[in-house]
Amino acid sequence: MTTTPTTQSVQLTVNGVARSGETENRKTLVDFLRDDLELTGTHVGCEHGVCGACTILLDGEPVRSCLMLAVQANGRSLETIEGLGSPDDLSPLQQAFRESHGFQCGFCTPGFVMTTVALLRENPDPSEAEIRHCLSGNLCRCTGYQSIVEGVKSAALALQAGENR
Amino acid sequence: MTALSTAAGIGSTRTVGTAALRVEDLRILTGRGRYVDDLKFPGMLHAAFLRSPFAHARILSIDVSAALELPGVVGIFTGADMAARTTGIEPLVAPPGFRSEPVFGLAIDKVRLVGDPVAIVVADSRYIAEDACELIDIDYEQLEAIGTFEQALDPSGPKVFESLDSNIMLEMSNSYGEVDESFAEAELIVRRTFAQHRVAQVPMEGRGGVSHFDPESGNFVYYTGTQSPHSLKGYISQALGVPLEQTRVVNGDIGGAFGLKIATHREDVALCAASYWLGRPVKWIEDRNEHLLASGQAREERMELEAAVNRDGTILAMRGTMVLDQGAYPAVPFVGGGIVGLIATMMPGPYAFRGFAMSSQVVASNKCTYSAYRAPWAMETWARERMINVIAAELDLDPAAVRRKNFAANDGSVSMLSGATLLDNSCAQTLERVLELGEYDRLRTEQAAARAQGRCVGIGFATFIEGAPGPAAGRGLNEQSIARVEPDGQLSIFTTQAPNGQGHETTLAQIASDEMGIPIGNVKIYHGDTADTPYALIGTGGSRAATLASGSVLHSSRKLKANVLELAAEMLEANPSDLVIEDGLIHPIGVPTVHLTLAEVAARAYAEPADTSEPVLAEPTLTAEAAYDGGIGSWSAGTHFCHVEIDLQTGQVKILRYLVVEDCGRMINPAVVEGQVRGGVAQGVGEVLFEWSAYDDQANFLAGTFMDYLLPTASEVPRIDIEHLENEPNEEVFFRGVGEGGLLIAPAAITNAIEDALSPYGAQINDQYLPPAKILELAKVI
Ligand code: FES
Ligand code: FES
């Protein structure tokens with residue numbers, strides 16, 4: 001433990017942009033994203049894989065970035081909340097969440113949003129039961145989930161209406 | 001409705017009463033929120049706490065030498081440093097007779113709970129700081145620990161604080177009205193003991209901060225997420241000896257709080273001390289295990305209760321004894337155990353008892369600090385609403401009938417026994433409406449049929465009033481605000497609220513923009529920075545925002561509008577009373593073509609005009625402030641209705657329907673109101689069915705991860721249907737708080753439904769925690 005930690009260089013694509021960095025082998029992917037790449041939109045709520053706040057897409061699949069090491073993402077393609085719309089130009093999915101008053105404190109939000117992106121790509125017309133099942137890997141302490149479920153439903157409608165982005 | 005309520009602008013910009021889209025969402029939905037851990041400063045170091053593995057032990061020695069040698073470690077501080085170089089902090093708002101010792105940032109000579117911070121390690125990275133924690137060598141002598149009420153109350157047992165002769169931190173007796181007479185007269189006395197288990201607030205963002213002392217200037221800034229920036233500032237200044245005027249606390253976005261972050265925590269003090277002594281910015285972000293172990297817990301109470309009743313369902317009086325486990329260290333500034341007084345004064349609720357008495361004890365144990373959690377006084381509502389159902393069952397009456405029989409008149413003729421007004425509370429109305437919406441009679445018929453088929457279904461409901469602000473909440477704690485027109489005509493509002501999910505940037509802007517007559521987008525709400533917000537002891541808490549903060553903003557905006565109109569009148573050579581502001585334009589009534597903007601008025605107030613023949617209009621100023629105390633106070637009220645089905649194979653409780661009828665006066669933003677209610681109910685579902693901050697009887701903590709402390713997910717929280725009654729109280733500010741009511745009442749509605757479902761098995765629900773194993777035990781399946 002008192003030996004100097006070993007490092008490796010990591011190259012990856014984040015939201016379509018090539019990024020690289022030198023990281024300690026033991027550094028988690030979420031710490032690398034937040035500290036080294038300064039993408040602080042992805043949050044850490046538990047560091048043990050339960051809360052889903054750290055959910056990102058890795059080659060299109062939702063993963064918990066607290067349970068992966070940065071070095072494991074070498075050569076992979078990542079999507080994070082920062083890759084969606086901006087405050088002046090929300091994506092239809094973000095707009096749907098805003099209109100349904102989906103969130104309160106916003107800490108869980110990036111994880112729910114990325115989980116929803118993955119859900120709707122795979123299943124553009126989910127039932128309420130499917131939505132609730134899919135979201136049950138993400139914890140929210142503020143909302144009681146109903147407004148988030150409504151947001152997913154209206155996001156699905158918006159995307160079906162061809163506002164896909 | 002009084003004339004005052006219509007004084008606001010009536011243009012198309014009006015948003016109060018609508019689900020205006022939240023300002024906050026633009027940043028939180030795009031990953032641009034700024035939470036504590038998102039901060040980075042040049043030269044910033046990282047801290048980790050080494051915590052006690054023992055519930056109760058004497059610290060014999062601490063050896064940090066090996067840890068200090070680890071490359072990257074910058075400093076390590078222990079309790080000895082805290083004792084020598086800081087001042088202990090003490091509760092500010094403690095009831096008379098409350099006993100404690102001053103609280104230091106780190107344990108000094110002994111540890112009093114699993115997770116007690118013993119050392120703070122500061123290093124170049126958090127990874128290194130945690131490595132160094134493992135190199136610290138501590139010699140402990142384990143002591144017998146206190147994990148139960150009985151152990152705490154055993155006079156021959158160990159003491160949490162050896163300077164005190166017992167573990168009883170507070171004793172209090174409250175008695176109102178005719179108690180003994182009622183018990184002497186009653187046809188029946190009903191007794192039950194109710195226990196509420198220990199749970200926790202668990203915001204998704206834990207605690208943390210970046211403490212930034214600048215030795216050059218002597219300025220000390222603590223970036224954190226607190227419900228009470230000003231009280232935290234005061235405690236940091238006092239503990240460290242930094243002058244108050246050089247101390248500043250700054251919030252960003254806060255990822256939930258629920259009462260936990262109203263306190264100044266010991267880690268705040270230790271972190272700030274480390275930064276102060278090292279002269280460097282230091283960040284500490286709590287991990288989830290630390291959070292569950294040591295941040296704060298709530299709600300461990302046991303109440304032995306008896307009710308004096310007549311056979312027609314009249315409840316003459318209730319009396320009882322209660323014990324509350326405050327854990328080891330008292331919360332600062334609001335002692336958790338201090339809530340026993342509020343529990344006693346609130347317990348008669350909306351009912352007309354003749355007498356009520358409660359004797360309470362607060363004991364210390366070797367557990368985490370008991371701290372505020374959404375509706376901290378909830379024990380009284382749960383025990384009372386359970387007891388009413390117990391009485392109904394004893395008397396073979398419908399629980400709705402017993403409530404109807406005992407509701408106090410709300411015409412002002414009856415006050416609560418403890419003195420508070422019950423004027424205009426709409427409890428009875430919400431009960432009738434929820435029974436109607438829930439089709440109570442039909443469900444009862446169906447229940448009989450379902451039981452005949454062997455299904456286990458139950459119906460429960462419970463009624464509450466929420467002081468929002470209650471007569472107790474508003475007193476002596478004014479809410480201040482400042483309103484200012486900026487040179488560009490934008491309106492800035494400075495509030496004492498410290499929002500952590502409630503959407504105040506939106507709701508307060510709705511109030512201010514309506515009042516001023518400008519679009520909501522022209523208002524910015526400033527909060528959470530002690531450098532520019534008015535002083536407040538509390539900040540966000542006690543459901544104070546809806547009435548008190550909104551009322552304050554209403555009044556400061558109104559004063560400012562009068563100033564704007566006076567200046568505009570001079571510019572337009574008109575009479576102020578002939579002018580209005582609509583859609584951001586100031587014009588004579590009925591003549592919108594002749595108009596000024598706020599920016600034009602501001603230009604004349606703030607700058608020397610190019611044409612020197614026109615004087616600067618310096619008076620009145622474009623800043624106004626106001627304070628609001630909530631008037632006579634009033635109640636939010638409601639009844640929750642819950643229909644459950646229990647699977648007797650698995651012990652799983654399924655909530656088939658959850659219905660809320662509530663009345664918080666006029667809603668500023670119905671979407672925000674509903675979010676507060678649903679969030680509270682979800683926490684109630686969690687509290688009854690899943691969550692337990694479990695300790696064994698030696699005070700070893702058993703719920704240190706999210707695999708042990710179970711939060712309800714989207715699969716467990718049911719759909720929650722809400723109907724609002726918008727009775728407007730007889731006050732000029734019509735909005736009432738809803739922050740606490742959901743969690744206040746949900747456990748009662750749910751446990752009443754479960755007891756109803758299990759009644760064929762003779763089950764009595766006396767403990768609030770009902771995980772599947774307990775359900776099966778109650779149903780006599782296991
Ligand atoms: S932080 Fe990764 S699942 Fe909680
Ligand atoms: S909005 Fe606060 S945790 Fe989900």
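Residues numbered from 1 in each chain as written. Chains lettered and ligands numbered in written order. Predicted model: local features only at pLDDT ≥ 70, side-chain atom pairs only at ≥ 80, totals over all residues. Heavy atoms only, no water.

A word on the pattern of salt bridges. Overall, the coordinates contain 63 salt bridges over all chains when judged by the stated rule. Salt-bridge contacts for Glu150 of chain A lead to Lys153 of chain A; the nearest nitrogen and oxygen are separated by 3.5 Å. Here Glu150 of chain A pairs with Lys153 of chain A, and both are found in helix 5 (residues 146-160), just 3 residues apart, close to one helical turn. One salt bridge connects Asp767 of chain B with Lys774 of chain B, and the closest N-O pair in it is separated by 3.0 Å. Through salt bridges that share partners, Glu128, Arg132, Glu150 and Lys153 of chain A together with Arg657, Arg719 and Asp721 of chain B make up one connected network. (Salt bridge = Lys/Arg side-chain N within 4 Å of Asp/Glu carboxyl O. Helix = DSSP H or I, 4+ residues; strand = E, 2+ residues; numbered from the N terminus.)

Residue and element names in this part refer to chain B. Partitioning chain B into structural domains gives domain 1 (25-33 + 476-628), domain 2 (36-146 + 220-276) and domain 3 (407-472 + 634-782). Centre-to-centre, using C-alpha coordinates, domain 1 lies 39 Å away from domain 3. With 17 residues of domain 1 in contact, the opposing surface of domain 3 contributes 17 residues. Note on domain 1 versus domain 3: buried area summed over both sides is about 1200 Å², and carbon and sulfur give 58% of it. Our count for the domain 1 to domain 3 interface comes out at 0 salt bridges. Where domain 1 touches domain 3, the interface holds 3 residue pairs in polar contact (both at pLDDT 80 or more). Listing elements by their share of the side of domain 1 that touches domain 3, those giving two or more residues are helix 16 (504-516) and helix 17 (545-572). If one sorts the elements of the side of domain 1 that touches domain 3 by residue count, helix 17 sits on top with 8 residues. Of the residues contributing to the side of domain 1 that touches domain 3, the split by class is 5 nonpolar, 11 polar and 1 charged. (Domains from an automatic or database assignment. Contact = heavy atoms within 4.5 Å. Buried area = accessible area lost by both parts, 1.4 Å probe. Polar contact = N/O pair within 3.5 Å; in protein donor to acceptor, adjacent residues only side chain to side chain. Nonpolar A, V, L, I, M, F, W, Y, C, P; charged D, E, K, R; others polar.)

Turning our eyes to something else, we now look at the state of the cysteines. Summed over all chains, the structure comprises 0 disulfides over all chains. The thiol of Cys368 of chain B is not disulfide-bonded; the next cysteine sulfur, from Cys133 of chain B, is found 18 Å away. (Disulfide = S-S within 2.5 Å.)

Residues and elements named next belong to chain A. You can read the domains of chain A as domain 1 (7-83) and domain 2 (92-160). Inter-centroid distance (C-alpha atoms) of domain 1 to domain 2 is 22 Å. Taken together, the contacts link 16 residues of domain 1 with 13 residues of domain 2. Taken together, both faces of the contact between domain 1 and domain 2 bury some 1200 Å²; the carbon and sulfur share is 61%. Our count for the domain 1 to domain 2 interface comes out at 1 salt bridge. For the salt bridge of Arg121 with Glu79, the shortest nitrogen-to-oxygen distance reads 2.6 Å. Seen at the junction of domain 1 and domain 2, the total is 5 residue pairs in polar contact (both at pLDDT 80 or more).

Before going further, it helps to spend a moment on the confidence of the model for chain B. Close inspection of predicted coordinates is inappropriate in any region flagged by low pLDDT. Residues and elements named next belong to chain B. A residue-level look at chain B finds 96% of positions with pLDDT of 70 or above and a mean pLDDT of 94. Low pLDDT, under 50, characterises residues 1-11; the stretch is placed with 22 contacts to residues that sit more than four places away or in other chains. Scoring the predicted complex yields pTM 0.96 and, for the interface, ipTM 0.96. (pLDDT = per-residue confidence, 0-100.)

Before going further, it helps to spend a moment on the side chain of Ser360 of chain B. All names here are of chain B. Relative to the assigned elements, Ser360 resides in strand 15 (residues 355-363). Ser360 sits in the buried class, given a relative accessible area of 3%. If sequence neighbours within four positions are ignored, Ser360 has contacts with Leu170, Glu171, Met172, Met322 and Val340. (Buried < 20%, exposed > 50% of the residue type's maximum accessible area, 1.4 Å probe, protein only.)

Residue and element names in this part refer to chain B. Spanning 17 residues, helix 11 (residues 379-395) covers 24 Å between terminal C-alpha atoms, matching the ideal 24 Å at 1.5 Å per step. With respect to burial, helix 11 is a largely interior element, 15 of its 17 residues being buried. Positive phi appears at Asp396, one or two residues downstream of helix 11, with a value of about 55 degrees. (Expected span 1.5 Å × (residues − 1).)

Once that is clear, we can look at the environment of Val594 of chain B. Residue and element names in this part refer to chain B. On the secondary structure map, Val594 appears in the loop between strand 21 (585-588) and strand 22 (596-597). Assessed through its relative accessible area of 39%, Val594 is described here as partly exposed. Excluding its chain neighbours within four sequence positions, the residues that come into contact with Val594 are Leu572, Ile586, His587 and Pro588.

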